[in-house]
Protein chains: 2
Amino acid sequence: MSRWYIDKAAQNDIAVSCRIRLARNIEGLPFPNRMTADDRRELNNRVKDAILNSNTPFSKSLKYINMCDIPEIQRYAMVERHIISPEFAAKTEECGIILSQDESISIMIGEEDHLRIQVINAGLDLKKAYDLAESVDTLLCDTLHFAFNKDLGYLTECPTNLGTGLRASVMLHLPALENSGEINGLIDSISKIGFTVRGMYGEGSKSLASLYQVSNQITLGISENSALENLLVITTQLIEKEKQARQNLDIIKLEDICWRAMGTLQNARILSSEEMINLISRVKLGKSMGIINKECSPIKILIEAQPFMLMQAKGAMDAADRDTSRAAMVRELLL
Amino acid sequence: MSRWYIDKAAQNDIAVSCRIRLARNIEGLPFPNRMTADDRRELNNRVKDAILNSNTPFSKSLKYINMCDIPEIQRYAMVERHIISPEFAAKTEECGIILSQDESISIMIGEEDHLRIQVINAGLDLKKAYDLAESVDTLLCDTLHFAFNKDLGYLTECPTNLGTGLRASVMLHLPALENSGEINGLIDSISKIGFTVRGMYGEGSKSLASLYQVSNQITLGISENSALENLLVITTQLIEKEKQARQNLDIIKLEDICWRAMGTLQNARILSSEEMINLISRVKLGKSMGIINKECSPIKILIEAQPFMLMQAKGAMDAADRDTSRAAMVRELLL
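Reading guide: rules and limits
- Within any chain, residue numbers begin from 1 and follow the written order of that chain's sequence.
- Both sets of labels track the order of writing: A upward for chains, 1 upward for ligands.
- Totals for whole chains, interfaces and linings use all residues, but because this is a predicted model, local features are given only for residues with pLDDT of at least 70 and pairs of side-chain atoms are given and counted only at 80 or more.
- Note that water and hydrogens are dropped before the side-chain values are worked out from all heavy atoms of the structure.
- Helix and strand assignments come from DSSP, with helices taken as H or I runs of at least 4 residues and strands as E runs of at least 2, each series counted from the N terminus.
- Only protein chains enter the accessibility calculation, which uses a 1.4 Å probe. A residue is then buried if its area is under 20% of the maximum for its type, exposed if over 50%, and partly exposed in between.
- We call two residues in contact when some of their heavy atoms are within 4.5 Å.
- Using the Shrake-Rupley algorithm and a 1.4 Å probe, accessible areas are obtained, with residue cover drawn only from the displayed protein chains.
- Between 30 and 60 degrees the pair is tilted, below 30 it is stacked and above 60 it is edge-to-face, where a pair is any two Phe, Tyr or Trp rings, Trp via its six-membered ring, whose centres lie within 6.5 Å.
- Two conditions define a charge located above a ring, namely a distance within 6 Å from the ring centre to NZ of Lys or CZ of Arg, and an angle within 35 degrees of the ring normal.
- We define buried area as the total accessible area lost by two parts upon association, computed with a 1.4 Å probe and summed across both.
- Salt bridge criterion: a side-chain nitrogen from Lys or Arg within 4 Å of a carboxyl oxygen from Asp or Glu.
- Think of a polar contact as two N or O atoms within 3.5 Å of one another; within protein, one of them needs to be a possible hydrogen donor and the other a possible acceptor, and neighboring residues in sequence only count if both atoms come from side chains.
- Gly counts as polar in this scheme, as do all residues outside two lists: the nonpolar Ala, Val, Leu, Ile, Met, Phe, Trp, Tyr, Cys and Pro, and the charged Asp, Glu, Lys and Arg.
- A pair of strands counts as paired when DSSP detects no fewer than two bridges linking them.
- Axis angles are defined between N-to-C directions and span 0 to 180 degrees, where every axis is a line fitted to C-alpha atoms and, for a helix, only to the segment in contact.
- Where each domain starts and ends comes from a domain assignment, either automatic or drawn from a database.
- Multiply 1.5 Å by the residue count of a helix minus one, and that product is the helix's expected span.
- To line up the copies, we fit them by least squares on C-alpha atoms, keeping just the residues with pLDDT of at least 70 in both.
- Reported orientations rely on four angle classes, namely roughly parallel under 35 degrees, roughly antiparallel over 145, roughly perpendicular from 65 to 115, and oblique for the rest.

**Details of the overall build of chain A**
Along the backbone of chain A there are 14 helices and 10 strands. The buried share among the 335 residues of chain A stands at 55%. The contacts in chain A between residues at least 6 apart in sequence include a share of 69% that link residues at least 24 apart. When the accessible surface of chain A is totalled, it reaches about 14,400 Å², and 49% of it is carbon and sulfur.

**Some words on the packing of aromatic side chains**
All names here are of chain A. Inspection of every chain in the model, using the stated rule, returns six aromatic pairs over all chains. Ring geometry for tryptophan 4 against tyrosine 5: centres 5.6 Å apart, planes inclined by 80 degrees, an arrangement best described as edge-to-face. Comparing tryptophan 4 with tyrosine 5, the two get one shared label, buried. For arginine 24, the ring lying beneath its charged end belongs to tyrosine 154, and the centroid distance is 3.5 Å.

**Structural notes on the interface of chain B and chain A**
The figure often quoted for interface size is the accessible area lost as the parts come together. Chain B puts 16 residues into the contact, and the matching count from chain A is 16 residues. Contact with chain A buries area across many residues of chain B, yet Arg260, Asn267 and Arg269 of chain B alone supply 41% of it, more than any other trio. Linking chain B with chain A are two salt bridges, by the criterion used here. The residue glutamate 275 of chain B makes a salt bridge to arginine 260 of chain A at a minimum N-O spacing of 2.8 Å. Linking chain B to chain A there are eight residue pairs in polar contact (both at pLDDT 80 or more). No other element matches helix H10 (residues 251–267) of chain B, which puts 10 residues into the side of chain B that touches chain A. Looking at side-chain class alone, the side of chain B that touches chain A contains five nonpolar, five polar and six charged residues.

**As for the sheet that holds strand S9 (residues 195–198) of chain B**
Hydrogen bonds along the backbone pair up the strands of a sheet, which may run parallel or antiparallel. Residues and elements named next belong to chain B. What the eight strands build is an open sheet, ordered S2-S3-S4-S5-S1-S8-S10-S9; its pairing is antiparallel. Two strands in the sheet have a free side with no partner beyond their single neighbour: strand S2 (62–66) and S9. Adjacent strand axes in the sheet meet at a mean angle of 20 degrees when their direction is disregarded. Two elements, strand S8 (residues 166–173) and strand S10 (residues 211–216), share five bridges in a ladder whose sense is antiparallel. Counted as the bridge partner of leucine 172 is tyrosine 212 from S10. Where helix H8 (residues 182–192) meets the sheet, it contacts S9 and S10, and its direction lies at approximately 145 degrees from that of S9.

**A short note on the domain arrangement of chain A**
Residue and element names in this part refer to chain A. One can read the domain layout of chain A as domain 1 (4–245) and domain 2 (251–333). The C-alpha-based centres of domain 1 and domain 2 are spaced at 27 Å. With 24 residues of domain 1 at the contact, the number on the domain 2 side is 22 residues. Interface area for domain 1 against domain 2, summed over the two sides, is near 2,000 Å², with a carbon-plus-sulfur share of 67%. The largest per-residue losses of area from domain 1 upon contact with domain 2 belong to Gln11, Ile73 and Glu80, which jointly make up 31% of the total buried on that side. Linking domain 1 with domain 2 are zero salt bridges. Where domain 1 meets domain 2, there are 10 residue pairs in polar contact (both at pLDDT 80 or more). Of all elements in the fold, only helix H1 (8–12) and helix H4 (72–80) reach the threshold of two or more residues within the side of domain 1 that touches domain 2. Looking at the side of domain 1 that touches domain 2 residue by residue, the classes come out as 14 nonpolar, six polar and four charged.

**A short note on the pattern of salt bridges**
All names here are of chain A. For the structure shown, the criterion picks out 34 salt bridges over all chains. Where aspartate 256 meets arginine 260, a salt bridge forms, and the shortest distance between an N and an O atom there is 3.0 Å. Here aspartate 256 and its partner arginine 260 are both found in helix H10 (residues 251–267), four residues apart, which amounts to about one turn of the helix. The class of arginine 260 is buried, set by a relative accessible area of 18%. Several salt bridges converge on common partners, so that one network encompasses Glu111, Glu112, Asp113 and Arg116.

**A short note on the sheet that holds strand S8 (residues 166–173) of chain A**
All names here are of chain A. In space, the eight strands of this open sheet follow the order S2-S3-S4-S5-S1-S8-S10-S9, with antiparallel pairing throughout. One side of each edge strand has no neighbouring strand; the edge strands of this open sheet are strand S2 (62–66) and strand S9 (195–198). For this sheet, the mean inter-axis angle between neighbouring strands, taken without regard to orientation, is 20 degrees. Bridge count between strand S1 (residues 15–24) and S8: seven bridges; the pairing is antiparallel. When the bridges of S8 are listed, alanine 15 appears paired with leucine 172.

**Here we look at helix H6 (residues 126–141) of chain B**
End to end, H6 of chain B covers 22 Å across 16 residues, agreeing with the expected 22 Å (1.5 Å per residue, within 8%). Within H6 of chain B the residues assigned to the buried category are Leu126, Ala129, Tyr130, Ala133, Val136, Asp137, Leu139 and Leu140 of chain B.

**Thoughts on the relation of the copies chain B and chain A**
Turning chain B through 180 degrees and shifting it by 0.1 Å along the axis lays it on chain A, with an RMSD of 0.0 Å. These values place the two chain copies in the arrangement generated by a two-fold rotation axis. For chain B, the residue whose C-alpha comes nearest the rotation axis is glycine 263 of chain B, separated from it by 2.1 Å.

**What to know about unusual backbone geometry**
One non-glycine residue with positive phi stands out, namely glutamate 103 of chain A, at about 65 degrees. Mapped onto the secondary structure, glutamate 103 of chain A falls in the loop between strand S3 (96–100) and strand S4 (105–109). Exposure remark for glutamate 103 of chain A: the relative accessible area of 7% places this residue in the buried category. Residues other than glycine seldom take positive phi values, yet serine 210 of chain B does so here, at roughly 55 degrees.

**Some details on the packing of helix H13 (residues 307–314) of chain A against helix H14 (residues 319–333) of chain A**
Residue and element names in this part refer to chain A. Running from amino to carboxyl end, H13 crosses H14 at an angle of 80 degrees, the nearest separation of the two axes being 10 Å. Accordingly, the angle class assigned to the pair H13 and H14 is roughly perpendicular. Seen from H13, the contacting residues are Pro307, Leu310, Met311, Ala313 and Lys314; seen from H14, they are Arg322, Ser325, Arg326 and Met329. By residue class, the composition of the contact of H13 with H14 is five nonpolar, one polar and three charged.

The following block contains the structure:
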């Protein structure tokens, strides 16, 4: 099993990836923003022990990483791979994560909540992602006692997570809806019925590469299954609308746009992150519409050519050097 | 011997091509703008006979073409190949040209003057072009009696051609001087010492593809040799200045610009004439600076992908179809 952004489904489908996040807190410990250094150490040790002592084949596939051991470039490369949040990468206090080998499971310890259990998969199999997150949840709740209230459900730092503590999201590639302008109306409608549409890197981030993250907003008074089902319905509708909008595109203009993007990516010697992202989006559209038949992995390139991923592979450098190094990397990946 | 724009020198050198034009008029016939249809017929017959009756191997390599037999698309394709002037292509009266097989020699009969003898070659061998033009001049003046005045020299319709009737020009590729802005000052200086700088398609035409035609302005009181020598001096200086300006270009940015141009030309599905010309200029620069090592012929593409050349090859079509057809042609030429 490979990382989500390398998986074939991410390259071709409108649904690039789906993500489950469960917010959990341990009874008797203060919330992270009020923790002392000792509390923090205790939290990390308890979570680490819960994993290591459970001693199942599943728990053995997970490892604990002390974030203090991870240099800044690699931390932000993790953000770019969607494994941790930018806020978590910026933390200066002791903190750790639990990570599976393929990075589909990651648990941030001491982010906004004590635990943020996350599962990310390529494609749209929300059920599979949720089942995996639930099995991690089960593994941990045997040892750790999660703060839970009969009426409110799981207790969380922020009231918007109270209840299920579940945030399920799907990253969709919607270039045709963006091009037709329909996307804005759809975002408005969706937000009125309890869903949020955000850019590629979550809250407050701009939509890049026509990638939109659709996620449930409501966690209180709704079961996990209902939340997932509703998200799936909304997502399926968006995918259908995107497919329709693609049928309305002028095929010659589309071929021109997609192939020019490929030509620039294959030839540029200076390539900013922003331009790379825009061009990759066009190549992905071309691939999924059968216009570009060349074997290539747009989402893999999109992630690997991000600034910190690039520096993780090639060493620290300034923005100008990154742009030439990125161009070289992208050319090689598209040979 | 191949056509000038296919010749290797045109692809790589700063001096793309050079051209000699001799204006000649026959004694006793009114100038073309005051000719009757009978005069015109007589002019054409006399020139045709002068060529055909001279019966030398050289004259046998030339053929007479009645422009009435040439459809509009092919006429303007000749303009695009620099064989005839746009004014000549637009003529509705009976007129003809003499053309050599490789099209390096062309004689417009009844343009502004009775005869416009033209030789065009790739590269900068002005002497060779002039010698060839002179041999045509000699061949014709044996039979036709050119209007010549001891004091004024050859008599021409327009006083700016009086004297030698010689217009020598060199087409230079000056992207670095254009980029640095130096070109404007140079054009000013050159025009003050009796030379003219024009765009790719002569008088009144914009500079496209950073191609500039430098030509002598003075034809009176100066020998042919002096005019040619002066032009060669000016041209050589411009070439040197262009070479210096190229050394000042940022090599990474230059590589980026040249390769992106290549990538777009190799991938676009819609390509306007203007964009093609701009991109070809960058590819030519890249080739002559050793950045682009791919075997290709930018000037050949530049000419063959012009609107009428394209329609001559692929049939009459509207502008939108030309843009897709041009893109397909250019992709094929750059395979």
